[in-house]
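Read off the chains here:
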Amino acid sequence: MMPENCEILRRNIVENGFEKVIDVRAVGVWREAGTFEVYSKGRQRNSVLPIDKLEDGTRILASVETLDRIIDEWGVSPVDLVFVTVNGAEVQVLEGFHPEGRDVRAFFVAAPYTIGERPNSDVCREMLDNKGYTIVDLNNRNRVVAKYQSNTRGLHLL
């Protein structure tokens, strides 16, 4: 959701020759669309939720969309991989995703935070399972890798 980060990412993609296979969307993601005050610690650490690693208290305003709306407006199908790194808001991002009518084949969710009683990674695994995805990597407690159960194409995830 930070324009500076998106520009750095775009330059990196071009420098490495991936501009025809990677599309960057400069948008924050949440369970609902709107404008939120975002907790920030400079360009690299930002979250819609207050997390311990953002103690300095800097605040910015950012626009956010639901994952459903981003996918629908993007107009690409299938989406081979959704890569989610949202500093604590993983659960809320997945709450804004409904797979019906959307061909999203796989998810990678970085979920190192615990907000509430359960680790976000556990909640995300359960949510993706309930949405028809198979968890394919249980080796890392802080990440969730899942593919859609009906995917017979044999997607490779790194």
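Everything that follows concerns the structure shown earlier in this document.
Residues numbered from 1 in each chain as written. Predicted model: local features only at pLDDT ≥ 70, side-chain atom pairs only at ≥ 80, totals over all residues. Heavy atoms only, no water.

A.B. asks: Outline the environment of arginine 141, supporting the account with residue identities and numerical values.
C.D. replies: With respect to the element layout, arginine 141 can be found in the loop between strand 7 (133–137) and strand 8 (143–148). Residue arginine 141 is classed as partly exposed on the basis of its relative accessible area, which comes to 48%. Residues arginine 141 and asparagine 120 lie 21 residues apart in sequence; the distance between their C-alpha atoms is 9.8 Å. Once residues within four sequence positions are removed from consideration, arginine 141 is found in contact with Ala111, Pro119, Ser121, Asp122 and Arg125. (Helix = DSSP H or I, 4+ residues; strand = E, 2+ residues; numbered from the N terminus. Buried < 20%, exposed > 50% of the residue type's maximum accessible area, 1.4 Å probe, protein only. Contact = heavy atoms within 4.5 Å.)

A.B. asks: Outline unusual backbone geometry, supporting the account with residue identities and numerical values.
C.D. replies: The peptide bond linking serine 77 to proline 78 adopts the cis configuration, its omega dihedral lying at 0°. Its location among the elements puts proline 78 in the loop between helix 2 (67–74) and strand 5 (82–85). The phi torsion at asparagine 87 lies on the positive side, around 45°, for a residue other than glycine. In this structure, asparagine 87 sits in the loop between strand 5 and helix 3 (90–95).

A.B. asks: How would you explain the pairing of strand 5 if you had to name every residue and give the values?
C.D. replies: Burial along strand 5 is one-sided: Val82 and Val84 are buried, and none of Phe83 and Thr85, which face the opposite way, are. Looking at chain direction, strand 5 and strand 6 (residues 106–110) are connected through four bridges and run parallel. Bridging from a neighbouring strand, phenylalanine 83 pairs with phenylalanine 108 of strand 6. Where the polypeptide runs from strand 5 across helix 3 and back to strand 6, its parallel neighbour, the crossover connection is right-handed. (Pairing = 2+ DSSP bridges. Right-handed = clockwise from strand over helix to strand, strands pointing away.)

A.B. asks: Now, about helix 2: what can you tell me, with residues and values included?
C.D. replies: For an α-helix, 3.6 residues make a turn, and residues three or four places apart therefore share a direction. Residues Leu67, Asp68, Ile70 and Ile71 constitute the buried set of helix 2. Burial along helix 2 is one-sided: seen end-on, the buried residues are contained in an arc of 165°. Once helix 2 finishes, glycine 75 follows within two positions and takes phi at roughly 75°, a positive value. (Arc of directions from axis to C-beta.)

A.B. asks: Explain the pairing of strand 8 to me, using residue names and the numbers behind them.
C.D. replies: Pairing of strand 6 with strand 8, which is carried by five bridges, proceeds in the antiparallel orientation. Bridge pairing in strand 8 places alanine 106 opposite lysine 147. Pairing of strand 7 with strand 8, which is carried by four bridges, proceeds in the antiparallel orientation. Within strand 8, the residue paired with isoleucine 135 across the bridge is alanine 146.

Nothing here speaks to function; it is all geometry.
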